[in-house]
Amino acid sequence: DEQIRRERASQHLPGGCCALAAIYLMGKFYVANAGDSRAIIIRNGEIIPMSREFTPETERQRLQFLALLRPELLGKEFTHLEFPRRIQPKELGKKMLYRDQNMNGWAYKKIEEDDLKFPLIFGEGKKARMMATIGVTRGLGDHDLKVFNSNIHIKPFLSCFPEVRVYDLTQYEHCPDDVLVLGTDGLWDVTNDKEVAGVVMEVLTNYEPNDPCRYTMVAQELVVRSRGVLKERGWRLANDKLGSGDDISVFVIPLGGPGNYT
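Residues numbered from 1 in each chain as written. Predicted model: local features only at pLDDT ≥ 70, side-chain atom pairs only at ≥ 80, totals over all residues. Heavy atoms only, no water.

An unreviewed UniProt entry annotates the protein as PPM1J phosphatase of Agelaius phoeniceus.

The following block contains the structure:
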């Protein structure tokens, strides 16, 4: 993250990205995630999550706590409290559900003038945004990112520190059909874990266990199915829903050993 900051100044390269990394070391996989990509292990048909997405919803309490400690970061335009919906001026003095950085559930509070500000976190699911700007709260770069038409910087709320999960390969016997799947949000936006596991098992059965191409073909099939087919109404999946409009990058890594590729 610091290197990106330096290159931003020396090479005039703005922007940022998420990061998902898998490292094999001494019999263990270390999977580090900073952003909204995802990794899962499929072992004997079972799905084992190896990461979780970092979004304004999943990191709500961390973001709210930082805003509480440093209210100057909100630029007098946002409130760190969360409400089920936007509050209207006519609702001043009335009671409404809210939650703060210490709450998982909701409670009632009397609406005050300060509550009329735009919430730090607004929206649900893929539409959730922090400061009405960004939907990912961990990653690298974005040092220049500001709230539209303002001088409020987003960077203080973004973390470059990944969450790391460890999987010990020595504790299990793995067959050639056991894999680690790494994918960007373009895959997971339209394809859930169970559907990915289904594609993995479907494609792998069409190839011999010692065929090294089988894993590449799984990754290719996952990309193709998530992109969909171009029709008159845009890219469509097999169920006629919209295909992914985001970047789709997929790695499929076998856990069953190198095999005999002769």
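Here the narrative resumes, following the displayed structure.
*Asks:* In this structure, what is going on with the nonpolar core? I would like to understand it.
*Replies:* In a soluble, globular protein the nonpolar side chains are often hidden away together inside. If you look at the biggest cluster of nonpolar residues, it comprises 19 residues, and the most contacted ones within it are V181, V196, L222 and V252. Looking at this core, the element that brings in the most residues is helix α4 (residues 193–204), giving six residues. Among residues more than four places away in sequence, those in contact with V181 are R38, A39, I40, I42, W188, V196, V200, L222, V250, F251 and V252. Among the nonpolar cores identified, the runner-up in size contains 16 residues, and A67, L120, I152 and F157 belong to it. (Core = buried A, V, L, I, M, F, W, Y, C linked by side-chain atoms within 4.5 Å. Buried < 20%, exposed > 50% of the residue type's maximum accessible area, 1.4 Å probe, protein only. Helix = DSSP H or I, 4+ residues; strand = E, 2+ residues; numbered from the N terminus. Contact = heavy atoms within 4.5 Å.)

*Asks:* Even after reading the chapter, I still don't get the pairing of strand β5 (residues 46–49), so can you show me in this structure?
*Replies:* For a regular strand, side-chain orientation follows a simple rule: the groups alternate between the two sheet faces. By the bridge criterion, four bridges tie strand β4 (residues 38–43) to β5 in an arrangement that is antiparallel. Bridge pairing in β5 links R43 to E46. Here β4 folds back onto β5 in antiparallel fashion, the turn holding two residues, of which N44 has a positive phi close to 55 degrees. (Pairing = 2+ DSSP bridges.)

*Asks:* It is not clear to me how the sheet that holds strand β2 (residues 19–25) should be interpreted in this structure. Could you clarify?
*Replies:* In a beta sheet, neighbouring strands are held together by backbone hydrogen bonds and run either parallel or antiparallel to one another. Within the open sheet, the three strands sit side by side as β2-β3-β13. Their pairing is antiparallel. Edge positions in the sheet fall to β2 and β13 (163–168), since each has one partner strand and no second. The average angle at which neighbouring strand axes cross in this sheet is 15 degrees, direction not considered. Inspection of the sheet shows strand β3 (residues 28–34) paired to β13 by six bridges, in the antiparallel sense. Within the sheet, the bridge partner assigned to K28 lies in β13 and is D168. (Axes fitted to C-alpha atoms, helices over the stretch in contact; angles between N-to-C directions.)

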